[in-house]
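Residue strings, one per chain:
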Amino acid sequence: MIVTVAGLKGGSGKTTTSIVLAEAGSAPTRHGEALLIDTDPQASAWRWSELAREAGAPLSSLPYSLPSPDLARRLAGLNVDRYALVVIDTPPGNERIVRAAVGQAHVVVVPVR
């Protein structure tokens, strides 16, 4: 299942929501069961995963940085079908990437404050 967390506004909680969903979908003893794709050029989710790893508490999900509107082709290359859950975190203000991520999703989550 591919879940895209989308919205064009910054600061709405997309990255936090994405990480929580990916972690909830990945059993701590089975690293990589969920794939967390960060499509934001600012790479906030990727950086969060790096900080967690450096602190000795790595994410259970497998993070991947992919800031590109060419998601259909790139996701096919990642063989996303092998993951029980794929969560795509989208950037604010980049309509091309958000549209591409929504187009790949089975479910779209739009966080609001």
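Rules of the game
Residues numbered from 1 in each chain as written. Predicted model: local features only at pLDDT ≥ 70, side-chain atom pairs only at ≥ 80, totals over all residues. Heavy atoms only, no water. Helix = DSSP H or I, 4+ residues; strand = E, 2+ residues; numbered from the N terminus. Rg over C-alpha atoms; globule rule 2.2 N^0.38 Å. Buried < 20%, exposed > 50% of the residue type's maximum accessible area, 1.4 Å probe, protein only. Contact = heavy atoms within 4.5 Å. Areas by Shrake-Rupley, 256 points an atom, 1.4 Å probe, with all protein chains shown as cover. Axes fitted to C-alpha atoms, helices over the stretch in contact; angles between N-to-C directions. Parallel < 35°, antiparallel > 145°, perpendicular 65-115°, else oblique. Nonpolar A, V, L, I, M, F, W, Y, C, P; charged D, E, K, R; others polar. Arc of directions from axis to C-beta. Pairing = 2+ DSSP bridges.

### Observations concerning the overall build of the protein chain
Counting its regular elements, the protein chain contains four helices and five strands. When the helices and strands of the protein chain are listed from N to C terminus, the series reads β-α-β-α-β-α-β-α-β. For the protein chain, the C-alpha radius of gyration of 13 Å lies close to 13 Å, the compact-globule estimate for 113 residues. Reported as C-alpha extents along the three principal axes, the dimensions of the protein chain are approximately 35 × 30 × 20 Å. Residues counted as buried form 43% of the 113 residues belonging to the protein chain. In the protein chain, of all internal contacts separated by at least 6 residues, the share reaching a separation of at least 24 is 78%. Carbon and sulfur atoms make up 55% of the accessible area of the protein chain, which totals about 6000 Å².

### Concerning the packing of helix α3 (residues 71-78) against helix α4 (residues 95-104)
Two elements in contact, α3 and α4, have axes whose closest approach is 9 Å; the angle formed by their N-to-C orientations is 50°. Overall, the two elements α3 and α4 adopt an arrangement that is oblique. Touching Leu-71, Ala-72 and Leu-75 of α3 are Ile-97, Ala-100, Ala-101 and Gln-104, all from α4. Partitioned by chemical class, the residues of the contact of α3 with α4 number six nonpolar, one polar and no charged.

### Some remarks on helix α1 (residues 14-24)
Those residues of α1 lying buried are Lys-14, Thr-15, Ser-18, Ile-19 and Ala-22. Taken end-on, α1 shows its buried residues confined to a sector of 125°, consistent with a single buried face. Facing away from the buried surface of α1 by more than 90 degrees, the exposed residues are Val-20 and Ala-24.

### Overview of the sheet that holds strand β2 (residues 34-38)
Spatial ordering of the open sheet is given by β3-β2-β4-β1-β5, a layout of five strands whose pairing is parallel. Either end of the sheet is taken by a strand with one partner, and the two such strands are β3 (62-65) and β5 (107-109). Between one strand and the next, the sheet's axes are offset by a mean angle of 20°, whatever the strand orientation. In this sheet, β3 lies alongside β2 in parallel orientation, the contact comprising four bridges. Bridging from a neighbouring strand, Asp-38 pairs with Ser-65 of β3. Against the sheet, α1 makes contact with β1 (2-5), β2, β4 (85-89) and β5, and its axis sits at roughly 170° relative to β4, the strand it touches most.

### Concerning the pairing of β1
A two-sided burial pattern is seen for β1, the buried positions comprising Ile-2 and Thr-4 on one face and Val-3 and Val-5 on the other. Pairing between β1 and β4: four bridges, direction parallel. Bridge pairing in β4 places Val-3 opposite Val-87. Relative to β5, β1 runs parallel, the two sharing three bridges. The residue bridging Val-3 from the neighbouring strand is Val-107, located in β5.

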